[in-house]
Amino acid sequence: MAEQESLEFGKADFVLMDTVSMPEFMANLRLRFEKGRIYTFIGEVVVSVNPYKSLNIYGRDTIEQYKGRELYERPPHLFAIADAAYKAMKRRSKDTCIVISGESGAGKTEASKYIMQYIAAITNPSQRAEIERVKNMLLKSNCVLEAFGNAKTNRNDNSSRFGKYMDINFDFKGDPIGGHINNYLLEKSRVIVQQPGERSFHSFYQLLQGGSDQMLRSLHLQKSLSSYSYIHVGAQLKGNLKFVVDGDTTLIEDGKLVSIIAELLSTKTDMVEKALLYRTVATGRDVIDKQHTEQEASYGRDAFAKAIYERLFCWIVSRINDIIAVKNSDTTIHGKNTVIGVLDIYGFEIFDNNSFEQFCINYCNEKLQQLFIQLVLKQEQEEYQREGIPWKHIDYFNNQIIVDLVEQQHKGIIAILDDACMNVGKVTDEMFLEALNSKLGKHGHFSSRKLCASDKILEFDRDFRIRHYAGDVVYSVVGFIDKNKDTLFQDFKRLMYNSSNPVLKNMWPEGKLSITEVTKRPLTAATLFKNSMIALVDNLASKEPYYVRCIKPNDMKSPQIFDDERCRHQVEYLGLLENVRVRRAGFAFRQTYEKFLHRYKMISEFTWPNHDLPSDKEAVKKLVEYCGFQDDVAYGKTKIFIRTPRTLFTLEELRAQMLVRIVLFLQKVWRGTLARMRYKRTKAALTIIRYYRRYKVKSYIHEVARRFHGIKTMRDYGKHVQWPTPPKVLHRFEEVLQAVFNRWRASQLIKTIPASDLPQVRAKVAAVEMLKGQRADLGLQRAWEGNYLASKPDTPQTSGTFVPVANELKRKDKYMNVLFSCHVRKVNRFSKVEDRAIFVTDRHLYKMDPTKQYKVMKTIPLYNLTGLSVSNGKDQLVVFHTKDNKDLIVCLFSKQPTHESRIGELVGVLVNHFKSEKRHLQVNVTNPVQCSLHGKKCTVSVETRLNQPQPDFTKNRSGFILSVPGN
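As the structure is a prediction and not an experimental result, all values here were calculated from the model.

A. Expanded view of the side chain of Thr882. The topology assignment puts Thr882 in strand E25 (residues 877–882). Owing to a relative accessible area of 5%, Thr882 belongs among the buried residues under this scheme.

Spelled out as structure tokens, the structure:
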């Protein structure tokens with residue numbers, strides 16, 4: 001049973017209809033068509049309705065949904081049948097076949113292509129090159145055969161005008177290794193004549209419209225379809241070849257065409273002309289050339305055109321077979337080859353004018369319908385017998401009587417037709433019809449106007465009617481005799497055999513016979529077709545069959561219209577209702593105990609989740625009794641049989657209700673399982689991380705201890721030792737540890753420094769902290785004297801004058817230490833540049849005039865000092881920032897040695913002093929330097945100038961420029 005679709009789409013299997021009746025069948029078929037569900041099951045048969053539009057149901061995702069699944073597990077689809085046939089072939093090494101039937105335009109060819117596509121998609125998972133080649137050839141052969149064997153008819157734009165049966169051979173692994181194609185009854189008469197509104201084979205139009213100009217010129221063809229005389233369609237030049245009569249002589253109207261034909265057939269012009277106008281006849285030992293009448297010449301021309309096309313088509317099929325044939329297969333090595341056959345053959349046809357071809361086609365469909373009913377009945381009976389279920393007789397129409405009417409030896413229509421063709425003398429179609437009337441007049445499925453004079457639908461001496469299983473068909477006997485004889489003069493065969501083109505030569509092997517050589521009478525076209533149909537049916541009967549029954553919803557090729565009468569007629573002649581009856585045979589559904597239990601065991605507490613009964617059969621009985629359906633089932637040996645669809649639907653509803661609860665329960669259990677698994681994984685991960693971190697920390701500490709072992713005895717106290725890379729968790733710890741090490745190392749180094757030098761060291765450290773990386777020369781390599789005004793080398797003439805002033809200031813201002821003193825050049829707010837000196841103690845900053853015996857010009861308490869600004873160059877510019885915005889701008893300079901940098905020393909001693917008093921001194925390193933003179937903002941920028949002897953200040957628009965020597 002198919003996977004249950006929503007009831008809004010109807011029933012997915014016709015077997016599950018509440019009542020087996022035509023109205024309910026048609027209503028379900030219409031509903032599914034209107035809802036876009038073109039496939040429906042009848043048990044293991046697929047009913048397909050042509051949608052006349054593209055549907056997105058054949059892609060890779062859909063293929064994966066059906067791959068390896070049972071028929072009842074997925075909604076109805078061609079892929080379900082294809083997969084069932086493939087599984088039966090692969091699992092049981094059983095030859096299978098898929099029979100696709102239906103009338104012209106019902107979608108048989110498309111169905112066969114989708115089946116081939118599915119089989120190609122699910123095979124050769126290892127992508128073996130030879131298998132891929134075979135698959136591609138099998139798929140692409142369809143295109144070639146459609147071009148040469150399909151045509152536009154009034155019912156179908158791409159109608160197959162030949163029958164095709166393809167065997168696909170598989171190796172023991174289930175991969176396609178080759179194939180073989182049989183073709184049946186190409187409608188070659190279409191080459192020379194078509195019914196109104198129809199066309200010849202596609203290949204003509206593809207050649208004329210798609211061929212390059214160069215190709216067409218080489219073939220002496222024109223693009224215009226109207227240039228050709230076979231109903232203005234056929235693109236063979238012989239159609240334009242016309243005959244005229246001059247007295248008693250038949251002549252060719254246009255001799256140039258003969259030369260062109262000879263060139264194309266690679267033969268001689270005079271031989272072509274002779275074959276067209278004469279027939280060579282052997283009378284005893286004599287050989288004579290009998291000239292054709294105009295009618296005979298035209299008949300010969302048309303027969304030649306049909307024969308050439310038919311043999312071309314057969315040659316194409318044989319070439320494809322040569323390419324896809326199984327190569328180098330040894331059953332002792334590779335195992336037995338298995339086969340899937342795909343039959344795509346013309347459907348039942350009823351035209352306005354039905355001739356010999358329609359007669360053969362409809363006979364073919366009678367044979368296939370007979371096989372279908374026999375095999376379905378046989379399968380059902382065998383299944384009931386295997387399971388021990390009583391068989392109920394099924395009433396159905398057995399079309400054996402119609403098959404016998406056509407093919408019975410000595411009495412059938414084909415036998416009568418052959419007799420007429422073998423009669424000596426001139427035999428006409430009317431004589432054949434008279435023979436039918438005399439021999440079949442009492443047959444219930446045959447009638448003619450002579451037998452039923454009141455039936456005016458039939459024409460006297462022309463029509464006869466057969467009551468087929470698909471309906472009544474009126475056939476016109478016109479052409480039956482000629483088409484059955486299929487006469488082609490031996491002269492044409494010899495002409496083609498003598499062609500210099502080897503392909504054409506090989507198509508006509510019988511042309512090598514001598515003119516006087518006596519041969520057996522060839523079998524007629526009808527007998528050949530009958531024999532091929534009997535062989536085909538025997539071949540299909542030897543395989544496990546699967547069926548696709550195609551239905552054409554309307555004659556307008558519209559995706560919107562469902563013609564009830566049109567579809568009802570097809571349902572009747574396809575025997576689909578009988579198929580449903582046979583399939584049900586008193587029981588709508590059957591399934592193995594194992595699979596039934598697997599699907600419905602959740603309904604009963606006795607079978608869920610697993611039963612403890614002796615067998616699956618006992619468990620199924622318990623389940624059915626639990627649901628109260630024991631009176632509506634029968635138990636076979638391996639299967640349960642359910643009588644009414646309602647029971648099955650109830651089981652499905654109960655299953656759907658339980659599935660919700662089961663899904664919720666499984667979700668709960670699974671979510672709990674996932675949570676516990678996540679918790680365990682997280683806990684385990686955290687434990688691993690914890691131990692790993694502990695290991696990394698220990699490893700790091702051990703490595704640090706190893707590397708720094710004995711650093712007290714090293715000259716540099718471990719400065720050269722490389723620190724190991726710490727784990728991320730210890731980055732902060734490493735920083736602290738390095739800081740502790742650096743402090744320890746510093747303490748060890750400080751111990752070696754005399755106490756008198758410590759203030760200078762601290763000042764240098766302060767200078768480095770403030771200026772490192774911002775100024776190049778900090779003067780760290782020299783001794784910092786601090787009080788340069790008291791130094792004789794720096795001020796040899798005035799040092800004696802400065803010292804008393806300094807002592808007086810010490811007495812007066814009570815300072816303890818001199819921090820710094822130096823000569824400077826200063827600039828004031830009036831842009832006046834003067835040489836001065838600064839004297840910095842631990843309490844004040846003094847500005848002095850060295851020309852006036854170091855008279856104090858200005859005193860700035862250090863608590864009023866907010867910061868210093870220096871430039872980032874080598875100059876000696878210093879700006880002292882004060883709280884009252886009366887900044888002091890100076891440039892330090894030294895006399896001995898000249899250009900000595902003292903900026904680092906000044907910054908260091910001041911910063912160190914402020915730090916000792918737990919105060920902060922802001923130090924800015926910029927260029928230009930921002931400052932304020934009595935509340936007025938200005939800037940001091942530094943410029944280097946060549947040939948500048950000494951630093952000097954000049955006024956500019958924004959403030960001042962300090963020019964310093966460039967050398």
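B. Representation of the domain arrangement of the protein chain. Domain boundaries in the protein chain define domain 1 (600–670), domain 2 (711–752) and domain 3 (757–924). Averaged C-alpha coordinates put domain 1 and domain 3 at centres separated by 104 Å.

C. Fine view of the nonpolar core. Among the nonpolar cores identified, the biggest contains 75 residues, and Phe25, Phe432 and Phe464 are the most heavily contacted of them. Considering each element in turn, this core owes the most residues, 13 residues, to helix H12 (residues 356–387). Other than its neighbours up to four places away in sequence, Phe464 contacts Ile413, Leu433, Leu436, Phe446, Ser447, Ser448, Val473, Val474, Tyr475, Val477 and Phe480.

D. Focus on the packing of helix H1 (residues 22–34) against helix H20 (residues 564–573). Where H1 meets H20, the axes come as close as 11 Å, and the angle between the chain directions of the two elements is 115°. Where H1 crosses over H20, the two elements pack in a sense that is right-handed. Residues Met22, Phe25, Met26, Leu29 and Arg30 of H1 touch H20, and the partners they reach there are Asp564, Cys567, Arg568, Val571 and Glu572. By residue class, the composition of the contact of H1 with H20 is six nonpolar, no polar and four charged.

E. Region of interest: the packing of aromatic side chains. Applying the stated criterion across every chain yields a total of 31 aromatic pairs. Ring centres of Phe359 and Tyr475 lie 5.8 Å apart, and the angle between their planes is 85°; on these two criteria the pair is classed as edge-to-face. You can see Phe359 sitting in helix H12 and its partner Tyr475 sitting in strand E15 (residues 471–476), a full 116 residues away along the chain. Relative accessible area serves as the criterion here: at 0%, Tyr475 is assigned to the buried category. The cationic tip of Arg694 hangs over the ring face of Tyr691; the distance from NZ or CZ to the ring centre is 5.1 Å.

F. Focus on the pairing of strand E7 (residues 176–184). Here strand E6 (residues 163–170) pairs with E7 via eight bridges, running antiparallel. Directly across from Ile168, in E7, lies its bridge partner Gly179. In textbook terms, the turn of a hairpin is the stretch between consecutive antiparallel strands, and for E6 and E7 this stretch comprises five residues, one of which, Gly174, has a positive phi near 90°.

G. Looking closely at helix H3 (residues 78–92). Taking 1.5 Å of rise per residue, 15 residues should cover 21 Å, and H3 covers 21 Å from first to last C-alpha, within 8% of that figure. Within H3, twelve of the 15 residues are buried, which leaves the element mostly enclosed by the surrounding structure. Within the span of H3, buried status applies to Leu78, Phe79, Ala80, Ile81, Ala82, Asp83, Ala84, Ala85, Tyr86, Lys87, Ala88 and Met89.

Rules of the game
- Residues numbered from 1 in each chain as written.
- Predicted model: local features only at pLDDT ≥ 70, side-chain atom pairs only at ≥ 80, totals over all residues.
- Heavy atoms only, no water.
- Helix = DSSP H or I, 4+ residues; strand = E, 2+ residues; numbered from the N terminus.
- Buried < 20%, exposed > 50% of the residue type's maximum accessible area, 1.4 Å probe, protein only.
- Domains from an automatic or database assignment.
- Core = buried A, V, L, I, M, F, W, Y, C linked by side-chain atoms within 4.5 Å.
- Contact = heavy atoms within 4.5 Å.
- Axes fitted to C-alpha atoms, helices over the stretch in contact; angles between N-to-C directions.
- Left-handed = near helix turned anticlockwise from the far one by under 90°.
- Nonpolar A, V, L, I, M, F, W, Y, C, P; charged D, E, K, R; others polar.
- Phe/Tyr/Trp six-rings, centres within 6.5 Å; stacked < 30°, edge-to-face > 60°.
- Lys NZ or Arg CZ within 6 Å of the ring centre and 35° of its normal.
- Pairing = 2+ DSSP bridges.
- Expected span 1.5 Å × (residues − 1).

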